[in-house]
Amino acid sequence: MLMLSLFGLLFLLMFLGVPVSVALGSSTLITAYFFTDMDLMGITSHVFDGLNKYSLMAIPMFILAGSFLSKGGAAHRIIEFAKSIVGHLPGGLPISAIFAAMIFAAVSGSSPATVAAIGSVMFGAIQEAGYPKGYAIGTIATSGSLGILIPPSIVFIVYGVTADLSIGKLFMAGVVPGLLIGFMLMSLTYVGAVRLGFKKGTPASFKERLVKFKEAFWALMLIVIVIGGIYGGLFTPTEAGAASAVYAFIVSVFVYKDLKMKDVYKIVLESALTSSMIFFVIANAMIFAHFLTDETIPQQITKLIMDANVGPIMFLVIVNVLLLLMGQFMEPSSIVMITVPLLLPLIVALGIDPIHFGVVLVVNMEIGMITPPVGLNLFVAPGMTGLSLKEVVVASLPWVGVLFVGLLLITYIPAISLWLPQLMYGM
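Residues numbered from 1 in each chain as written. Predicted model: local features only at pLDDT ≥ 70, side-chain atom pairs only at ≥ 80, totals over all residues. Heavy atoms only, no water.

## Structural notes on the overall build of the protein chain
Step number 1: Scanning the protein chain from N- to C-terminus turns up 20 helices and zero strands.
Step number 2: Relative to the 2.2 N^0.38 estimate, which gives 22 Å for 427 residues, the radius of gyration of the protein chain is 22 Å and therefore close to what a compact globule would have.
Step number 3: Projected onto its principal axes, the C-alpha positions of the protein chain cover 70 × 45 × 45 Å.
Step number 4: Counting all 427 residues of the protein chain, 54% fall into the buried class.
Step number 5: Sequence-distant contacts, at least 24 apart, represent 79% of the contacts inside the protein chain between residues at least 6 apart.
Step number 6: With the model as given, the accessible surface of the protein chain reaches about 17,800 Å², and the carbon-plus-sulfur share is 70%. (Helix = DSSP H or I, 4+ residues; strand = E, 2+ residues; numbered from the N terminus. Rg over C-alpha atoms; globule rule 2.2 N^0.38 Å. Buried < 20%, exposed > 50% of the residue type's maximum accessible area, 1.4 Å probe, protein only. Contact = heavy atoms within 4.5 Å. Areas by Shrake-Rupley, 256 points an atom, 1.4 Å probe, with all protein chains shown as cover.)

Okay, structure coming up:
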């Protein structure tokens, strides 16, 4: 009865349109009040203890850094550099959009920001080059989802805090899968362009590439600062977030001069609002997680699964289906906060590496970002292109298929995710 009340209320409230954060907290408190003798007044201390984590400070910092870069001219310079490298290939412009999205993902940590930054520049250019409108939006919407896989990733930070895992190891685990899926998307784009009759162009000269690299240098250096700083031992992932925000501000305002000081207040305010929404979800999820732990619900579910003799392979099939369904209705941070307290004991019991599972979870969230009805990228793309939601979904299908193939590879070949962390940390 207790579990029926908790999950029944949770999904009923979400079905009625109540925000996920409010649904999490309300369903937990109502169930605790009527079915347990839990001290409700003591829950507040658990919320503050959960939020009082050093790693969580990285979230607003990376959001702010991404906002400075997306509002400034960094995205345009990254795109020009990408075009100089791969723009001569058949499908060169959409391939450049994917390549630029991979680079921008490594400096923003946000999927919608990547779609908006790359799409605002590349959508019109791809169309003008003669590509179908759907071809343009399909590449941009799907490649933008790499923003939550290639580090730094806000979703990895939330998962790391929830599962009490190293943020640095999770960041490293996302590198190879992110590159793999990015190159798979580019390969599909190349094959499609050849079939459409597009020919290879003249490659940019070394001098042209050098010029574009110099123009994008200060934006690209953020990748070196964040990744190099963390793994060079100069600072923690949280300190890297602060360093990236300061660096992005300096580059956007004083180096590229695309932003004026009067723009800074608005950008900081928007970033603060975005961060507040994420932290409100986390706070309510802390109440949910505390209740689950106090009532030993994860342990009960673990026992049921183990008694049913479900092995790791079948468990991952079930979890992937569950996460894909949830991804169609909820944003990534909410899904992480709801599922991880339930699934982590099972993951450990079945011998699945939690770092590997974190990557599997994030790839599922990537697909959720571009599947209706609530995929965030689907709401960014129509406003940017003028296409309907249905047109964006249909246009994205071939590239979404690639993401599904990538998900299967990453799920059942753990070495794809674990090779780099093992190399860096000796796991």
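## Brief notes about the side chain of His 356
Step number 1: Mapped onto the elements of the fold, His 356 is located in helix α17 (residues 354-368).
Step number 2: On the accessibility criterion, His 356 (3% relative accessible area) is buried.
Step number 3: Within the structure, the side chain of His 356 is placed 2.8 Å from the backbone oxygen of Ile 410, a separation counted as a polar contact.
Step number 4: Polar side-chain contacts of His 356 include one of 3.3 Å to the backbone oxygen of Thr 411.
Step number 5: Those residues in contact with His 356 that lie beyond four places of it in its chain are Ile 410, Thr 411, Pro 414, Ser 417 and Leu 418. (Polar contact = N/O pair within 3.5 Å; in protein donor to acceptor, adjacent residues only side chain to side chain.)

## Quick notes on helix α5 (residues 74-86)
Residue pairs three or four apart in sequence face the same way in an α-helix, which turns once every 3.6 residues.
Step number 1: Between the first and last C-alpha of α5 there are 19 Å, a value that for 13 residues agrees with the 18 Å anticipated at 1.5 Å per step.
Step number 2: In terms of burial, α5 is a largely internal element, ten of the 13 residues being buried.
Step number 3: Buried within α5 we find Ala 74, Ala 75, Arg 77, Ile 78, Ile 79, Glu 80, Phe 81, Ala 82, Ser 84 and Val 86.
Step number 4: On its buried face, α5 sits against α4 (58-71), α6 (92-108), α7 (111-128) and α11 (206-231). (Expected span 1.5 Å × (residues − 1).)

## Looking at the packing of helix α8 (residues 133-143) against helix α10 (residues 167-195)
Step number 1: Packing of α8 against α10 leaves a shortest axis separation of 11 Å and a crossing angle of 170°. Classified by the angle their axes make, α8 and α10 are roughly antiparallel. Where α8 approaches α10, its residues Tyr 135, Thr 139, Thr 142 and Ser 143 are matched on the opposing element by Leu 185, Leu 188, Thr 189, Gly 192 and Ala 193.
Step number 2: In the contact of α8 with α10, the residues fall into four nonpolar, five polar and no charged. (Axes fitted to C-alpha atoms, helices over the stretch in contact; angles between N-to-C directions. Parallel < 35°, antiparallel > 145°, perpendicular 65-115°, else oblique. Nonpolar A, V, L, I, M, F, W, Y, C, P; charged D, E, K, R; others polar.)

## Observations regarding the environment of Ser 396
Step number 1: Examined against the element boundaries, Ser 396 turns out to sit in helix α19 (residues 389-412).
Step number 2: In the structure, Ser 396 is positioned 16 residues away from Tyr 412 in sequence and 25 Å away in space, judged by C-alpha atoms.
Step number 3: If we skip the residues at most four places from it in the chain, Ser 396 touches Ile 137, Gly 138, Ala 141 and Thr 142.

## Quick notes on the packing of aromatic side chains
Step number 1: Considering all chains together, one arrives at eight aromatic pairs under this definition.
Step number 2: Note on Tyr 131 and Phe 198: the rings are 4.0 Å apart at their centroids and 10° apart in plane angle, and the pair reads as stacked. Of this pair, Tyr 131 sits in the loop between α7 and α8 while Phe 198 sits in the loop between α10 and α11, placing them 67 residues apart in sequence.
Step number 3: A residue is classified by how much of its surface remains accessible, and Phe 198, at 22% relative accessible area, is partly exposed.
Step number 4: Their ring planes at 85° and their centres at 5.7 Å tell us that Phe 249 and Phe 254 sit as a pair that is edge-to-face.
Step number 5: Overall, the relative accessible area of 48% leaves Phe 254 in the partly exposed class.
Step number 6: Every member of this aromatic cluster is reached through a ring pair, and the members are Phe 81, Phe 213, Phe 217 and Trp 218.
Step number 7: Above the ring of Tyr 256, the side-chain terminus of Arg 77 is found at 3.9 Å from the ring centroid. (Phe/Tyr/Trp six-rings, centres within 6.5 Å; stacked < 30°, edge-to-face > 60°. Lys NZ or Arg CZ within 6 Å of the ring centre and 35° of its normal.)

## A few points about the nonpolar core
Step number 1: Core analysis: the largest hydrophobic core is formed by 146 residues, its most contacted members being Ile 59, Phe 315 and Phe 357.
Step number 2: Ranked by the residues each element gives to this core, the list is headed by α6, at 13 residues.
Step number 3: Discounting residues that sit within four places of it in the chain, Phe 315 has contacts with Val 310, Leu 343, Leu 346, Ile 347, Leu 350 and Ile 352. (Core = buried A, V, L, I, M, F, W, Y, C linked by side-chain atoms within 4.5 Å.)

## Topic: the environment of Gly 201
Step number 1: For Gly 201, the position within the fold is in the loop between α10 and α11.
Step number 2: Each C-alpha atom, one on Gly 201 and one on Gly 92, is 8.4 Å from the other, the two residues being 109 residues apart in sequence.

## Details of a nonpolar patch on the surface
Step number 1: A surface patch of nonpolar side chains, about 950 Å² in accessible area, is lined by Ile 313, Met 314, Val 317, Ile 318, Val 321, Leu 325, Val 405, Leu 408, Leu 409, Tyr 412 and Ile 413.
Step number 2: Secondary structure elements with two or more residues in the nonpolar patch: α15 (312-327) and α19.
Step number 3: Among the elements that line the nonpolar patch, the one with the most residues is α15, at six residues.
Step number 4: Within the secondary structure, Val 405 sits in helix α19.
Step number 5: Residue class for Val 405 comes out partly exposed when judged on its relative accessible area of 43%. (Patch = residues over 30% accessible without salt bridge, like charges linked within 9 Å, V, L, I, M, F, W, Y side chains within 5 Å. Salt bridge = Lys/Arg side-chain N within 4 Å of Asp/Glu carboxyl O.)

## Considering the environment of Pro 237
Step number 1: With respect to the helices, strands and loops of the structure, Pro 237 is situated in helix α12 (residues 237-255).
Step number 2: On the accessibility criterion, Pro 237 (19% relative accessible area) is buried.
Step number 3: Residues Pro 237 and Met 57 lie 180 residues apart in sequence; the distance between their C-alpha atoms is 9.5 Å.
Step number 4: Excluding residues within four positions of it along the chain, Pro 237 makes contact with Ala 58, Phe 62, Ile 167, Gly 168, Phe 171 and Ile 230.

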